[in-house]
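# Summary of the model geometry
Each chain, letter by letter, is given below.
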Amino acid sequence: MKYLRTIAILLLLFGLPAGSWYFLKDGLNWRKGKMETLKPKERFLEVYDFSDQDKTQIFEELSHRTAIIKLNSDITKDDMRIIDQFDDVPTFMFFVISKNVRIADQFGSKVALRYIKPSSISSKNFEYNSAQYVIVDTSGYIRNFYPWDMEDKMKNIVEDIAVILPRKVTPDIVVKENN
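Presented here is an overview of the structure given in this document. (Residues numbered from 1 in each chain as written. Predicted model: local features only at pLDDT ≥ 70, side-chain atom pairs only at ≥ 80, totals over all residues. Heavy atoms only, no water.)

## Let's talk about the overall build of the protein chain
Within the protein chain, the regular secondary structure consists of 5 helices and 5 strands. Walking the protein chain from its N terminus toward its C terminus, one meets helices and strands in the order α-α-α-β-α-β-β-β-β-α. Relative to its length of 179 residues, the protein chain is extended, with a C-alpha radius of gyration of 22 Å against a globular reference of 16 Å. Dimensions along the principal axes, computed over C-alpha positions, put the protein chain at roughly 80 × 55 × 30 Å. Across the 179 residues of the protein chain, 35% fall into the buried class. Within the protein chain, counting contacts between residues at least 6 apart in sequence, those at least 24 apart form 64% of the total. In the structure as shown, the protein chain presents an accessible area of about 12,200 Å², 56% of it carried by carbon and sulfur atoms. With 26 positive and 25 negative side-chain charges, the protein chain shows a spacing of 6 Å between the two charge centroids. (Helix = DSSP H or I, 4+ residues; strand = E, 2+ residues; numbered from the N terminus. Rg over C-alpha atoms; globule rule 2.2 N^0.38 Å. Buried < 20%, exposed > 50% of the residue type's maximum accessible area, 1.4 Å probe, protein only. Contact = heavy atoms within 4.5 Å. Areas by Shrake-Rupley, 256 points an atom, 1.4 Å probe, with all protein chains shown as cover. Lys, Arg positive; Asp, Glu negative; His and termini not counted. Charge placed at Lys NZ, Arg CZ, Asp CG, Glu CD.)

## With respect to the nonpolar core
One finds Phe 44, Tyr 48, Ile 69 and Val 134 to be the most contacted residues of the largest nonpolar core, which totals 42 residues. Looking at which element gives the most residues to this core, the answer is strand E2 (residues 92-97), with 6 residues. When residues no more than four places from it in sequence are discounted, the contact partners of Ile 69 are Phe 44, Leu 62, Phe 95, Ile 97, Gln 132, Tyr 133, Val 134 and Val 136. (Core = buried A, V, L, I, M, F, W, Y, C linked by side-chain atoms within 4.5 Å.)

## A word on the pattern of salt bridges
Considering all chains together, one arrives at 8 salt bridges under this definition. Across the salt bridge formed by Glu 159 and Lys 34, the nearest N and O atoms sit 3.2 Å from each other. Placement of Glu 159 in helix H5 (residues 153-164) and of Lys 34 in helix H1 (residues 2-37) is noted, with a sequence separation of 125 residues between them. In this structure Glu 159 comes out as partly exposed when scored by relative accessible area, which is 21%. Using a relative accessible area of 11% as the deciding quantity, one classes Lys 34 as buried. (Salt bridge = Lys/Arg side-chain N within 4 Å of Asp/Glu carboxyl O.)

## Considerations on the side chain of Ser 98
Take Ser 98: it is sitting in the loop between E2 and strand E3 (113-116). Discounting chain neighbours no more than four positions away, the residues touching Ser 98 are Asn 72, Ser 73, Ile 116, Lys 117, Pro 118 and Ile 121.

## Comments concerning the packing of aromatic side chains
Within the structure shown, the criterion is met by 5 aromatic pairs. Chaining the aromatic ring pairs together yields one cluster made of Phe 44, Tyr 48 and Phe 50. (Phe/Tyr/Trp six-rings, centres within 6.5 Å; stacked < 30°, edge-to-face > 60°.)

## Digging into a nonpolar patch on the surface
Together, Ile 9, Leu 10, Leu 13 and Phe 14 line one region of the surface with nonpolar side chains, adding up to about 420 Å² of accessible area. Tracing the backbone through its elements, the reader meets Leu 10 in helix H1. (Patch = residues over 30% accessible without salt bridge, like charges linked within 9 Å, V, L, I, M, F, W, Y side chains within 5 Å.)

## Digging into the packing of helix H4 (residues 77-86) against H5
At their nearest, the axes of H4 and H5 sit 11 Å apart, and the two run at 20° to each other. Considered as vectors, H4 and H5 are oriented roughly parallel to each other. The element H4 and its partner H5 pack so that their crossing is right-handed. Facing Asp 78, Asp 79, Ile 82, Gln 85 and Phe 86 of H4, the residues of H5 in contact are Met 154, Ile 157, Val 158, Ile 161 and Ala 162. Split by residue class, the contact of H4 with H5 holds 7 nonpolar, 1 polar and 2 charged. (Axes fitted to C-alpha atoms, helices over the stretch in contact; angles between N-to-C directions. Parallel < 35°, antiparallel > 145°, perpendicular 65-115°, else oblique. Left-handed = near helix turned anticlockwise from the far one by under 90°. Nonpolar A, V, L, I, M, F, W, Y, C, P; charged D, E, K, R; others polar.)

## Focus on the sheet that holds E3
Ordered by their spatial adjacency, 5 strands build an open sheet running E3-E2-E1-E4-E5, and the pairing between neighbours is mixed. Two strands lie at the open edges of the sheet, namely E3 and strand E5 (142-147), each paired on one side alone. Direction aside, neighbouring strands of the sheet carry axes that sit 20° apart on average. Bridge count for strand E4 (residues 131-136) against E5 is 5 bridges, and the pairing is antiparallel. Across the sheet, the residue bridging to Tyr 133 is Tyr 146, located in E5. With respect to the sheet, helix H3 (residues 52-62) is in contact with strand E1 (66-71), E2 and E3, its orientation differing from that of E3 by roughly 175°. Docked against the sheet, H4 engages E1, E2, E3 and E4, running at close to 155° with respect to E2. (Pairing = 2+ DSSP bridges.)

Here it is in structure tokens:
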């Protein structure tokens, strides 16, 4: 019994902190790797060739929001799951930029979903021609894009948007002094 108690105390003092360090280190390395792949690239409005009126409308909708932009197709059930998952985040927005939008009027202003029908959608950069989804940060920079044929696309989008979304600022502890 005496040895069992000693082993339990040593496990609590050394085993649990070592296990926590191991798992936290893996999480930190994962986050560093994600941040490396999600470095800001070009500005979204400079990569795509929109008309001036379309640029103004897109800029107004995108300003100060982290957005998932879906290009050239309507939303799916997977898209709605993403919208529902991040709907309570005030800086999140899901944009559908497509010429043939079918269900744009079914959603109210409280849903983090916006539709834009541009006069033209064409990429100035060959790299983005195959993009179906584009993640844009609050400054308007492209963080990542996902081609039509990418495997595990939705899983990667959810992970990436969770890393990019600004964290809610927690208030500092303030000590009140009685005078």
